[in-house]
Amino acid sequence: MANLHVGTMVCHANGQEEFLMSGNKTEKEQVKVHIRWMIRRDMQEVLQAEQQCFAQSWTEEDFLRCLRQRNCIGMVAEAGDKVIGFMIYELHKNKLHILNFAVHPDYQRSGVGLQMAVKLIGKLSSHRRTRITLEVRETNLSGQVFFRNQGFKAIRVLRSFYDDSNEDAYLMQYKLPSDTDEDFEETINRIAQYEENA
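The structure contained in this document is the topic of the report that follows. (Residues numbered from 1 in each chain as written. Predicted model: local features only at pLDDT ≥ 70, side-chain atom pairs only at ≥ 80, totals over all residues. Heavy atoms only, no water.)

Some thoughts on the packing of aromatic side chains
Scanning the entire structure with this criterion turns up eight aromatic pairs. Ring geometry for F63 against F86: centres 5.5 Å apart, planes inclined by 75°, an arrangement best described as edge-to-face. With F63 in helix α2 (residues 60-67) and F86 in strand β5 (residues 82-91), this residue pair connects regions lying 23 residues apart in the sequence. For F63, a relative accessible area of 0% gives the class buried. Owing to a relative accessible area of 0%, F86 belongs among the buried residues under this scheme. Ring geometry for F147 versus F152: centroids 5.1 Å apart, planes at 75°, classification edge-to-face. Cluster of aromatic residues (ring-pair linked, three or more members): F101, F146, F147, F152 and Y174. (Phe/Tyr/Trp six-rings, centres within 6.5 Å; stacked < 30°, edge-to-face > 60°. Helix = DSSP H or I, 4+ residues; strand = E, 2+ residues; numbered from the N terminus. Buried < 20%, exposed > 50% of the residue type's maximum accessible area, 1.4 Å probe, protein only.)

Structure below.
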């Protein structure tokens, strides 16, 4: 999970958009990006963003191994000719599952992550895939808040999920409003789950 920072996009009656930062962070100019399929020549910039965002970052081999799978998709956010963000996700029968999502630190808090999330949510369909899931480190508060602001909800705690640190993760989920199927990923009370696993 990337170390994403969040704010709120406000649309005024005159059509102007303004990005308001949460807390006491300064406002950044919004960056318009083109989101496209990831190609091999993007790997250097993707790795650079990955290493600057994560202490436990994926290697080039991790990316390649993942992207060789039939159900794995890579997309990049490009400003001009520079890759400034990326997302890797899996296609499943009823959902999309985000494996990796990052915005280069120089472009965080400038609307890039929001545009990427909107693009991914736009891939959902009431006829087929109606949900997006991802795991977020328990200590990645900015990532949790970012995805919550996009309509995701924490539905489960995954104990000792990360091998590199034995850290817990939150399983977060976005559902289309038309999705009323509760048995797909049922929300579990954290205290009840903790007591079951104790």
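As for the environment of M172
Within the fold, M172 resides in strand β9 (residues 169-175). Through-space distance from the C-alpha of M172 to that of R148 is 8.4 Å; in sequence the pair is 24 residues apart. Apart from residues no more than four positions distant in its own chain, M172 is found in contact with I132, T133, L134, V136, Q144, F147, R148, F152, K153 and A154. (Contact = heavy atoms within 4.5 Å.)

What about the pattern of salt bridges?
If you walk through the whole model with that rule in mind, you get nine salt bridges. R36 is the partner of E78 in a salt bridge, and the nearest nitrogen-oxygen pair spans 3.0 Å. With E78 in strand β4 (residues 72-79) and R36 in strand β3 (residues 34-37), the pair connects residues that are 42 residues apart, well separated along the chain. Taken as a pair, E78 and R36 share a single burial class, namely buried. (Salt bridge = Lys/Arg side-chain N within 4 Å of Asp/Glu carboxyl O.)

Looking at the nonpolar core
V33, V112, M116, I132, F147 and F152 are the most contacted members of the largest nonpolar core, which totals 31 residues. Of all the elements in the fold, those that place two or more residues in this core are β4, β5, β6 (95-103), α3 (112-121), β7 (131-137), α4 (141-149) and β9. Broken down by element, this core gets its largest block of residues, five residues, from α3. Counting residues in hydrophobic clusters, the runner-up holds 16 residues, among them F54, L64, C72 and V83. (Core = buried A, V, L, I, M, F, W, Y, C linked by side-chain atoms within 4.5 Å.)

Side note on the pairing of β9
With six of its seven residues buried, β9 lies for the most part within the structure. Relative to β9, β7 runs antiparallel, the two sharing seven bridges. Its bridge partner lying in β9, E135 is registered against L171. Here five bridges tie strand β8 (residues 153-158) to β9, and the two strands are oriented antiparallel to one another. The residue of β9 that forms the bridge with A154 is M172. (Pairing = 2+ DSSP bridges.)

Let's talk about the environment of Y162
On the secondary structure map, Y162 appears in the loop between β8 and β9. The exposure class assigned to Y162 is buried, which follows from its relative accessible area of 13%. In the structure, Y162 is positioned 27 residues away from E135 in sequence and 9.8 Å away in space, judged by C-alpha atoms. For Y162, the residues in contact, after removing those within four places along its chain, are E135, V136, R137, E167, D168 and A169.

Topic: the environment of I88
With respect to the helices and strands, the residue I88 is situated in strand β5. Separated by 14 residues in sequence, I88 and A102 place their C-alpha atoms 9.3 Å apart. When neighbours within four sequence positions are excluded, I88 is seen to be in contact with M38, W58, F63, C66, L67, C72, I73, G74, H97, I98, L99 and N100.

Taken by themselves, the reported measurements are silent on function.
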